[in-house]
Amino acid sequence: MSTEFVMADVLPGKLNALVKNIMSQTGETDPDEAVRLVNSGEWVVSKPTLRWRVDADGLIHFSLTSTGETGAEWADWFKVNKYDLGSEAEFVLRSSSFQPSPAGPGYEIAVMPGRLWKKDSERTTANIRAEADRRHLKHGKDMPAEIVCLIRRASSDKEIEAMGLGWIIGLHEPISGSDGCPVLLGAHRRCGDRGLDAYDDRPVDLWYSAGGFASVVSQVSPQVLES
């Protein structure tokens, strides 16, 4: 086995982010124990694959589990892993308005494709939220903004494309952007470019049909999600 120190040129900040990710995924609070789990083979690092389904109404369903990361930790993770993190999205993640959820809760997510609205003029934020209410889906204050980060990390661009979408907007409570205007976080794909950005959220704004709008069906325990 080679004795070359393969991490010699890796910056300390990237190593710190790596250990934090291992701690988050293993659920360990002790960094030494988290690294030991991976080195011993007790915990195997694998590329996440999002399992999703489409119901009879055309809504896309999948499950996610909160990792409890702060907005700043999310911003660092996206940068370290070379995602296209928009400046407005980074501002939102690092702002005090982005509130992390405790690690552990699981969420059943439903994404309403923009093509559900046949006329572009009907695809406004107000109408989309009204449709979520009609379907008894949780959004606004009942939907943590971190869900968009979880969606972006869990889904590859190919998976978002397979869903027939160009981007997925979270219908969380709007967060003030750098100019004070309300914005929503969204995961997007563009020519294989894994991106997270922030989009204006005004009731009269129109959205393209290529997008999807994520809301919460229910909150469940991690054991239910894993079964």
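Preceding block: the structure.
In short, a report on the structure. (Residues numbered from 1 in each chain as written. Predicted model: local features only at pLDDT ≥ 70, side-chain atom pairs only at ≥ 80, totals over all residues. Heavy atoms only, no water.)

Looking only at helices and strands, the chain features 8 helices and 9 strands. Buried residues in the chain amount to 42% of all 227 residues. In the chain, the proportion of contacts linking residues at least 24 apart, taken out of those at least 6 apart, comes to 70%. (Helix = DSSP H or I, 4+ residues; strand = E, 2+ residues; numbered from the N terminus. Buried < 20%, exposed > 50% of the residue type's maximum accessible area, 1.4 Å probe, protein only. Contact = heavy atoms within 4.5 Å.)

Let's shift gears to the packing of helix H3 (residues 71-80) against helix H4 (residues 87-94). Running from N to C, H3 and H4 cross one another at 145 degrees; their axes reach a closest spacing of 7 Å. Facing H3, whose interface residues are Gly-71, Ala-72, Trp-74, Ala-75, Asp-76, Phe-78 and Lys-79, H4 presents Glu-90, Leu-93 and Arg-94. Split into classes, the residues belonging to the contact of H3 with H4 amount to 5 nonpolar, 1 polar and 4 charged. (Axes fitted to C-alpha atoms, helices over the stretch in contact; angles between N-to-C directions. Nonpolar A, V, L, I, M, F, W, Y, C, P; charged D, E, K, R; others polar.)

What follows concerns the pattern of salt bridges. Tallied over the entire structure, the rule returns 14 salt bridges. One salt bridge in this structure joins Glu-90 and Arg-94, with 3.0 Å as the shortest N-O distance. Taken as a pair, Glu-90 and Arg-94 lie in helix H4 at a separation of 4 residues, close to a single helical turn. A network of salt bridges, in which partner residues are shared, links Asp-57, Glu-131, Arg-134 and Arg-135. (Salt bridge = Lys/Arg side-chain N within 4 Å of Asp/Glu carboxyl O.)

Turning next to the packing of aromatic side chains. Per the stated rule, a full pass over the model turns up 11 aromatic pairs. With centroids separated by 5.6 Å and ring planes inclined at 25 degrees, the aromatic side chains of Trp-74 and Phe-78 adopt a geometry described as stacked. Of this pair, Trp-74 and Phe-78 both sit in helix H3, 4 residues apart, roughly one helical turn. The buried category is assigned to Trp-74, whose relative accessible area is 0%. For Phe-78, a relative accessible area of 0% puts it in the buried group. Relative to Tyr-83, the ring of Phe-78 lies with its centre 5.4 Å away and its plane at 65 degrees, an arrangement referred to as edge-to-face. When the ring centre of Trp-77 is taken as origin, the NZ or CZ atom of Arg-153, which lies over that ring, is 4.9 Å away. For Arg-194, the ring lying beneath its charged end belongs to Tyr-83, and the centroid distance is 4.1 Å. (Phe/Tyr/Trp six-rings, centres within 6.5 Å; stacked < 30°, edge-to-face > 60°. Lys NZ or Arg CZ within 6 Å of the ring centre and 35° of its normal.)

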